Amino acid sequence: MANVEIANLLARNRIPDSDVSFIFFIFYLPLGLVLIVLRCCLLLFLFLICQFLPDTPRIQKFVNKLACLGLGISVHVENLKVKEKVHVYISNSVSVFDQVAVCKATGAVSPSCRTTVERVLGFSTYCFGSIVNVDNFKNNLKQFMEERTPVYFAPEDKVTNGKALLKFKTYPFEFTNKVQPICITVDRPFLDISVTVMGSSYFSDLVYYLFSPVTNYRLTFLEPSDRKTMSDQEFAENVRRNMATALKVQTTNYTSNDVTEWEKRANFAPPRPQTRTRSLNTPELTRMGKQVKEVLPHVPLNAIYTDLYITRNVDSTITNILEGRVQFTPEQSSSSNNQPSTSGSSNCSSFSTAASSFPKSASERTKSFQERKEQLIATARRRYIEKHNLDIPI
């Protein structure tokens, strides 16, 4: 597993931060606005004809082609020779319109309640019911797959910039013993505009599709994967590793929920000036940072200050660090390098608050956190007594 920070999985800016890119963007702006108008007219035409045409597979294929034209989507398929007639296709998530490209290449449908907007934009979907009612969802899906219509899943369940793969949801692997992975990469020549950015809405992503000259999707089919004797979780992880190898990216321990939670916290954080280090090092934040550092000496100050800037509370920041919501690379305590090593100080410097595993239930996580917090406080107290040579029972 890669030690990739969540912040590196989400694009921050639509346009690359360079003068050349900005100047090119300004010159292209009039043409981009014209394209938005023309493509909106085409999508409006699609909306009107979708009110009268029957929702059949042949019509869906026709609508998908026009939708790709309206969105400026070009689909290039690689390694098509290994493509098989499987029940389930699996892909990574790099944009809100991945499904349009996969549908064009495979004819697969996605589990979703179909709306007129989805039909106009080229989404091929079928409503199998809510995933909350697992049994009903499974029965409807199995019955649908018996008709040899493939189903498409994106088990990351969250769009990222494609630099690493999130942990896969396991439910798409519960319905079949064989899946075919599809690796998706997206690029925009001429204008290197990101297909999505942190905090962007569906509508803003759509506008940039209409604005960009073309959005190229490259779909690479991998050899189908068989379950064999693997469990659902092992099956999902095996497929994920194969896809990561083909994409030449790393796998992470983050889930879609982790990324969503981090994104919420980042979006609600107060705006930070460009002189971030100077603004963070106010006397009050410096004092709080030292308090956190005394309790958690292995956490870098920049990570502590970054979270304190959001929480403005020592206890909240300590809790965020212990619960894994603050990403950092541990550093060795300077006291362990400069002072003679003793049995007690060695144990303190090497003390880790990380849990051996992530409990499933909230009550177990709370209990684990309280136990680790008590151990941490006891260790900090012992370190303080030893440092100041106090005659207090440990």
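Residues numbered from 1 in each chain as written. Predicted model: local features only at pLDDT ≥ 70, side-chain atom pairs only at ≥ 80, totals over all residues. Heavy atoms only, no water.

1. Considerations on the overall build of the protein chain
Okay, so step 1: A tally of regular secondary structure across the protein chain gives 15 helices and ten strands.
Okay, so step 2: Excluding contacts between residues fewer than 6 apart, the proportion of contacts in the protein chain whose partners are at least 24 apart in sequence is 75%.
Okay, so step 3: Surface exposure of the protein chain reaches about 22,000 Å², of which carbon and sulfur atoms provide 54%. (Helix = DSSP H or I, 4+ residues; strand = E, 2+ residues; numbered from the N terminus. Contact = heavy atoms within 4.5 Å. Areas by Shrake-Rupley, 256 points an atom, 1.4 Å probe, with all protein chains shown as cover.)

2. Some remarks on the confidence of the model for the protein chain
Okay, so step 1: Looking at the protein chain, the pLDDT average stands at 79 and 78% of residues meet or exceed 70.
Okay, so step 2: Taken element by element, the protein chain is modelled with least confidence in helix 14 (residues 343–349), mean pLDDT 40, and with most confidence in strand 8 (residues 215–221), mean pLDDT 95.
Okay, so step 3: Taken as a whole, residues 271–280 scores under 50 in pLDDT and shows 13 contacts with residues more than four places along the chain or in a different chain.
Okay, so step 4: Scored below 50 in pLDDT, residues 335–350 shows ten contacts in the model against residues more than four places distant or in partner chains. (pLDDT = per-residue confidence, 0-100.)

3. Describing helix 3 (residues 98–106)
Okay, so step 1: The element helix 3 is extensively covered by neighbouring structure, given that seven of its nine residues are classed as buried.
Okay, so step 2: For helix 3, the complete set of buried residues consists of Asp98, Gln99, Val100, Ala101, Val102, Cys103 and Thr106.
Okay, so step 3: The first or second residue beyond helix 3 is Gly107, which carries a positive phi of 75°. (Buried < 20%, exposed > 50% of the residue type's maximum accessible area, 1.4 Å probe, protein only.)

4. Describing the environment of Asp157
Okay, so step 1: Within the fold, Asp157 resides in the loop between strand 5 (151–153) and strand 6 (164–165).
Okay, so step 2: Placed twelve residues apart in sequence, Asp157 and Lys169 show a C-alpha to C-alpha distance of 7.3 Å.
Okay, so step 3: Leave out the neighbours within four places in its chain, and Asp157 touches Ser93, Lys169 and Ser256.

5. A short note on the packing of helix 1 (residues 19–50) against helix 6 (residues 202–211)
Okay, so step 1: Where helix 1 contacts helix 6, the two axes come as close as 7 Å, and the packing angle between them is 105°. Regarding the angle of helix 1 to helix 6, the classification is roughly perpendicular. Facing helix 1, whose interface residues are Phe25, Tyr28, Leu29, Gly32, Leu33, Leu35, Ile36, Arg39, Cys40 and Leu43, helix 6 presents Val207, Tyr209, Leu210 and Phe211.
Okay, so step 2: In terms of residue class, the contact of helix 1 with helix 6 is built from twelve nonpolar, one polar and one charged. (Axes fitted to C-alpha atoms, helices over the stretch in contact; angles between N-to-C directions. Parallel < 35°, antiparallel > 145°, perpendicular 65-115°, else oblique. Nonpolar A, V, L, I, M, F, W, Y, C, P; charged D, E, K, R; others polar.)

6. Considerations on the state of the cysteines
Okay, so step 1: Evaluated as defined, the whole model comprises zero disulfides.
Okay, so step 2: Free cysteine Cys103: the closest other cysteine sulfur is in Cys68, separated by 8.2 Å. (Disulfide = S-S within 2.5 Å.)

7. Re a nonpolar patch on the surface
Okay, so step 1: Where nonpolar side chains cluster on the molecular surface, the patch consists of Phe22, Ile23, Ile26 and Phe27 and spans about 460 Å² of accessible area.
Okay, so step 2: Looking at where Ile23 falls in the secondary structure, it is placed in helix 1. (Patch = residues over 30% accessible without salt bridge, like charges linked within 9 Å, V, L, I, M, F, W, Y side chains within 5 Å. Salt bridge = Lys/Arg side-chain N within 4 Å of Asp/Glu carboxyl O.)

8. Thoughts on the packing of aromatic side chains
A ring pair, where both rings are aromatic, is described by two values, the distance of the centres and the angle of the planes.
Okay, so step 1: By the definition in use, this model includes ten aromatic pairs.
Okay, so step 2: Ring geometry for Phe168 and Phe173: centres 6.3 Å apart, planes at 15°, overall stacked. Like Phe173, Phe168 is buried.
Okay, so step 3: Put simply, the rings of Phe25, Tyr28, Tyr208 and Phe211 touch in pairs and so form one group of aromatic residues.
Okay, so step 4: One Lys or Arg, Arg188, reaches over the ring of Tyr209 and ends 4.6 Å from the middle of that ring. (Phe/Tyr/Trp six-rings, centres within 6.5 Å; stacked < 30°, edge-to-face > 60°. Lys NZ or Arg CZ within 6 Å of the ring centre and 35° of its normal.)

9. As for the pairing of strand 7 (residues 178–187)
Okay, so step 1: The pairing of strand 2 (residues 88–91) with strand 7 spans four bridges and is parallel. Bridge assignment links Val88 to a residue of strand 7, and that residue is Val179.
Okay, so step 2: Where strand 7 and strand 9 (residues 225–226) come together, two bridges link them in antiparallel fashion. When the sheet's bridge partners are listed, Lys178 is paired in strand 9 with Asp226. (Pairing = 2+ DSSP bridges.)

10. Structural notes on helix 1
Okay, so step 1: Taking 1.5 Å per residue as the helical rise, helix 1 with its 32 residues ought to reach 46 Å, and the 43 Å between its terminal C-alpha atoms agrees with that figure.
Okay, so step 2: Helix geometry: helix 1 is bent most strongly at Leu29, by close to 50°, with proline Pro30 lying one to four residues after it.
Okay, so step 3: Of the residues making up helix 1, those classed as buried are Phe25, Tyr28, Gly32, Leu35, Ile36, Arg39, Leu43, Leu46, Ile49 and Cys50. (Expected span 1.5 Å × (residues − 1). Bend = angle between axes of the 7 residues up to and from the residue.)

11. Let's talk about unusual backbone geometry
Okay, so step 1: The phi dihedral of Asp157 falls on the positive side, at around 65°, and the residue is not glycine.
Okay, so step 2: Residue Asp157 is classed as partly exposed on the basis of its relative accessible area of 45%.

12. Here's the deal with the nonpolar core
Okay, so step 1: Among the nonpolar cores identified, the biggest contains 41 residues, and Leu46, Leu71, Ile73, Phe97, Ile184, Tyr217 and Leu219 are the most heavily contacted of them.
Okay, so step 2: Looking at this core, the elements that each hand over two or more residues are helix 1, helix 2 (57–71), strand 1 (73–78), helix 3, strand 7, helix 6 and strand 8.
Okay, so step 3: When residues in this core are grouped by element, the largest group, eight residues, is from helix 1.
Okay, so step 4: Discounting chain neighbours no more than four positions away, the residues touching Leu219 are Val75, His76, Val77, Glu78, Ala101, Val102, Ala105, Ile182, Cys183 and Ile184.
Okay, so step 5: Core analysis: the second largest hydrophobic core is formed by 23 residues, Val109, Leu141, Phe153 and Val249 among them. (Core = buried A, V, L, I, M, F, W, Y, C linked by side-chain atoms within 4.5 Å.)

13. Side note on the environment of Gln291
Okay, so step 1: With respect to the element layout, Gln291 can be found in helix 10 (residues 283–295).
Okay, so step 2: Given the relative accessible area of 34%, Gln291 is considered partly exposed.
Okay, so step 3: Separated by 24 residues in the primary sequence, Gln291 and Asp315 place their C-alpha atoms 9.7 Å from one another.

14. Remarks on the pattern of salt bridges
Okay, so step 1: Scanning all chains against the criterion turns up seven salt bridges.
Okay, so step 2: The closest approach of N and O atoms between Arg227 and Asp232, which form a salt bridge, is 2.8 Å.
Okay, so step 3: Overall, Asp232 belongs to the partly exposed group, its relative accessible area being 26%.

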